[in-house]
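Listed below are the residues making up each chain.
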Amino acid sequence: ATPTALMVGTGRAAKMGVLIKDGQALEEINDVKTAVFDKTGTITVGKPTVTDIIGNQDQVLRVAASLEASSEHPLAKAVMNAAEEKQVEPQTVTDFAVVEGKGVQAVIDGQQAFVGNDKLLADYQISAGMKRRMATLQDEAKTVVLVGLAKQIISLIAIQDAPKPSSAQAIADLKARGLKTVMLTGDNERVANAIAKEVGIDQVIANVLPNEKAEHVKALEQNGKVAFVGDGINDAPALTTANVGIAMGSGTDIAIESGSIVLVQNDLRGVVKAIDISKKTFSRIK
Ligand code: ADP
Ligand code: MG
């Protein structure tokens, strides 16, 4: 494209809330074969809320909120909101630690406590009944967080984060343009599959640890150019690795810096707009 055509294209995109930081991204997005999406905050709204608590609500929320008070994770925010709503006061903990992609741990009242997924609580016994309830909740697209205290699992907390209303349309539009759509998430595969089904995503890669996202993007590049769309700190390496990195405007600063396209309206239909503008911009000179 001529420099003028490129300017017109990026200008038109900007008006639609699609910020294109470099012309090469606009050129490359037209050749993308696979669109890969982070789940939380990208496909979903990113405002998870607690829907179910199995066990003694006050005790569970007291332990969970005391640990999650020091976490920045969206799931932690959901737990803190639920505790506040039920007027449960978090208490001070010691030895707090984040376990990447798994959850958090700390000592509360002299007892070791955990809040996280089944990988974090691998050493704990989960009863068959609890496993069943967990699976049922996950099939309802709810992320299940386990609360462990003094070597016992005392509760399951189910947390729901709905897809953005526009996500299904965006996925359908991308598929109509011949792209394959993939979800890449640290969440459990039952939850991931349930959300994928709701929005029409073709393939799910779940249980991905934060440092593994970029490797998956590289592997998917074997089948042609890849666009990766994400919002989190842990999405930054995948955003720079992908042929085209697309960040949500609501995302963390690191994600926004790492992307070459930013979707100001946090709406995945922006990916479709970018592709359509790319097509127009780069076909004029042909
Ligand atoms: P994603 O943002 O794709 O869900 P993460 O790596 O942030 O990926 O988290 C993966 C999983 O680890 C979560 O689905 C959850 O089960 C668990 N987890 C991470 N952080 C926390 C936390 N602060 N509290 C509870 N669970 C957590
Ligand atoms: Mg995210």
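For the structure, check the block above.
The numbering scheme is per chain: residues are counted from 1 as the chain's sequence reads. Naming scheme: in the order in which they are written, chains are lettered from A and ligands are numbered from 1. Given that the model is predicted, a residue must reach a pLDDT of at least 70 before its local features are reported, and side-chain atom pairs must reach 80 or more before they are shown or counted; all residues, however, enter totals for whole chains, interfaces and linings. Hydrogens and waters are ignored; side-chain quantities use all the structure's heavy atoms.

(A) Quick peek at unusual backbone geometry. Positive phi, close to 55 degrees, is recorded for Asp-95, a residue that is not glycine. One non-glycine residue, Ala-141, lies in the positive phi region at around 70 degrees. Strands here mean DSSP runs of E at least two residues long; helices mean DSSP runs of H or I at least four residues long; both are numbered from the N terminus. Tracing the backbone through its elements, the reader meets Ala-141 in the loop between α6 (128-139) and β7 (142-149).

(B) Representation of the pairing of strand β5 (residues 103-108) within the structure. Relative accessibility thresholds used throughout: buried, under 20% of the residue-type maximum; exposed, over 50%; partly exposed, between the two (1.4 Å probe, protein chains only). Buried residues dominate β5, accounting for five of its six residues. Taken together, strand β4 (residues 94-99) and the strand that follows it, β5, pair antiparallel across an intervening segment of three residues, in which Gly-101 is found at a positive phi of about 70 degrees. Pairing between β5 and strand β6 (residues 111-116): six bridges, direction antiparallel. Within β6, the residue paired with Ala-106 across the bridge is Ala-113. Where β5 hands over to β6, the hairpin turn is made up of two residues, of which Asp-109 adopts a positive phi near 50 degrees. Pairing between strands is defined by DSSP: at least two bridges between the two strands are required.

(C) View of the sheet that holds strand β1 (residues 18-20). The strand order across the open sheet formed by seven strands is β1-β13-β12-β11-β2-β9-β10, and the pairing between neighbours is mixed. The sheet terminates laterally at β1 and β10 (203-205), the two strands that pair on one side only. The mean inter-strand angle of the sheet, taken between neighbouring strand axes irrespective of direction, is 20 degrees. Direction of pairing for strand β11 (residues 225-230) relative to strand β12 (residues 244-248): parallel, over a ladder of four bridges. What sits directly across from Ala-227, in β12, is Val-244. Fitted lines through C-alpha atoms serve as axes, helices being fitted only where they are in contact, and the angles separating the N-to-C directions of these axes extend from 0 to 180 degrees.

(D) Quick look at the coordination of the magnesium ion (ligand 2). In this description, a donor is an N, O or S atom within 2.8 Å of the metal centre, a cutoff extended to 3.2 Å for sodium, potassium and calcium. Water is not part of the atom list, which can make sites seem incomplete. Asp-38 (OD), Thr-40 (O) and Asp-231 (OD) make up the full set of protein donors to the magnesium ion (ligand 2), lying at 2.1 to 2.3 Å. Mapping the donors of the magnesium ion (ligand 2) onto the primary sequence gives the spacing D-x1-T-x190-D. Taken together, the positions of Asp-38 in strand β2 (residues 32-38) and Asp-231 in the loop between β11 and α10 (236-241) put the pair 193 residues apart, joining distant regions of the chain. We classify Asp-38 as buried; its relative accessible area is 5%.

(E) Seen up close, the sheet that holds β6. Pairing is antiparallel across the open sheet formed by six strands, whose spatial order is β3-β8-β7-β6-β5-β4. Two strands lie at the open edges of the sheet, namely β3 (49-54) and β4, each paired on one side alone. Going across the sheet, the axis of each strand differs from the next one's by a mean of 20 degrees, ignoring polarity. Residue contacts follow a heavy-atom distance rule, with two residues in contact if any of their heavy atoms lie within 4.5 Å. Strand contacts of α6: β3, β7 and β8 (152-160), with the helix running at about 10 degrees to β8, the strand carrying the most contacts.

(F) The site of ligand 1, seen in detail. Any residue with a heavy atom positioned within 4 Å of a molecule or strand is treated as near that molecule or strand. Around ligand 1 sit 18 residues in total, of which Glu-68, His-73, Gly-101, Thr-185 and Gly-186 are the nearest. Relative to its unbound accessible area of 540 Å², ligand 1 is 93% covered by the protein chains. Residue assignment for the shell around ligand 1 shows that the elements contributing at least two residues are β5 and β6. Polar here means any residue other than Ala, Val, Leu, Ile, Met, Phe, Trp, Tyr, Cys and Pro, which are nonpolar, and Asp, Glu, Lys and Arg, which are charged; Gly is therefore polar. Here the residues of the shell around ligand 1 sort into five nonpolar, ten polar and three charged. Surface exposure here means Shrake-Rupley accessible area, sampled with a 1.4 Å probe, where a residue is shielded only by the protein chains that are shown.

(G) Representation of the packing of helix α1 (residues 3-15) against helix α12 (residues 269-283) in the model. Relative to each other, α1 and α12 sit at 165 degrees, their axes nearing to 9 Å. Relative to α12, the element α1 is oriented roughly antiparallel. Here the hand of the crossing between α1 and α12 comes out right-handed. Contacts between α1 and α12 involve Ala-5, Leu-6, Gly-9, Arg-12 and Ala-13 on the former and, on the latter, Ile-277, Lys-280, Thr-281 and Phe-282. The class makeup of the residues in the contact of α1 with α12 is five nonpolar, two polar and two charged. Any angle that is under 35 degrees is reported as roughly parallel, and any over 145 degrees as roughly antiparallel; angles of 65 to 115 degrees are reported as roughly perpendicular and all others as oblique. Should the near helix be turned counterclockwise from the far one by less than a right angle, the crossing is left-handed, whereas a clockwise turn marks it as right-handed.

(H) Broad picture of the environment of Ser-283. Note that Ser-283 resides in helix α12. Exposure remark for Ser-283: the relative accessible area of 38% places this residue in the partly exposed category. Identification of polar contacts relies on pairs of N or O atoms within 3.5 Å, with a donor-acceptor requirement for protein atoms, meaning one able to donate a hydrogen and the other able to accept it, and with residues adjacent in sequence counted only if both atoms are side-chain atoms. A polar atom in the side chain of Ser-283 sits 3.0 Å from the backbone oxygen of Lys-279. Separated by 3.2 Å, the side chain of Ser-283 and the backbone oxygen of Lys-280 make a polar contact.

(I) Representation of the pattern of salt bridges. In the sections that follow, a salt bridge refers to a side-chain nitrogen of Lys or Arg positioned within 4 Å of a carboxyl oxygen of Asp or Glu. Using the criterion set out here, one finds ten salt bridges in the structure. Across the salt bridge formed by Lys-39 and Asp-187, the nearest N and O atoms sit 3.1 Å from each other. One end of the pair, Lys-39, is in helix α3 (residues 39-43); the other, Asp-187, is in the loop between β9 (180-184) and α8 (189-199), with 148 residues separating them in the sequence. Just as Lys-39 is buried, Asp-187 falls in that class too. Between Asp-267 and Arg-269 there is a salt bridge whose closest N-O contact spans 2.7 Å. By relative accessible area, Asp-267 is classed as buried at 15%. Within this structure, Asp-38, Lys-213 and Asp-235 form a network of salt bridges that share partners.

These figures capture arrangement, not role.
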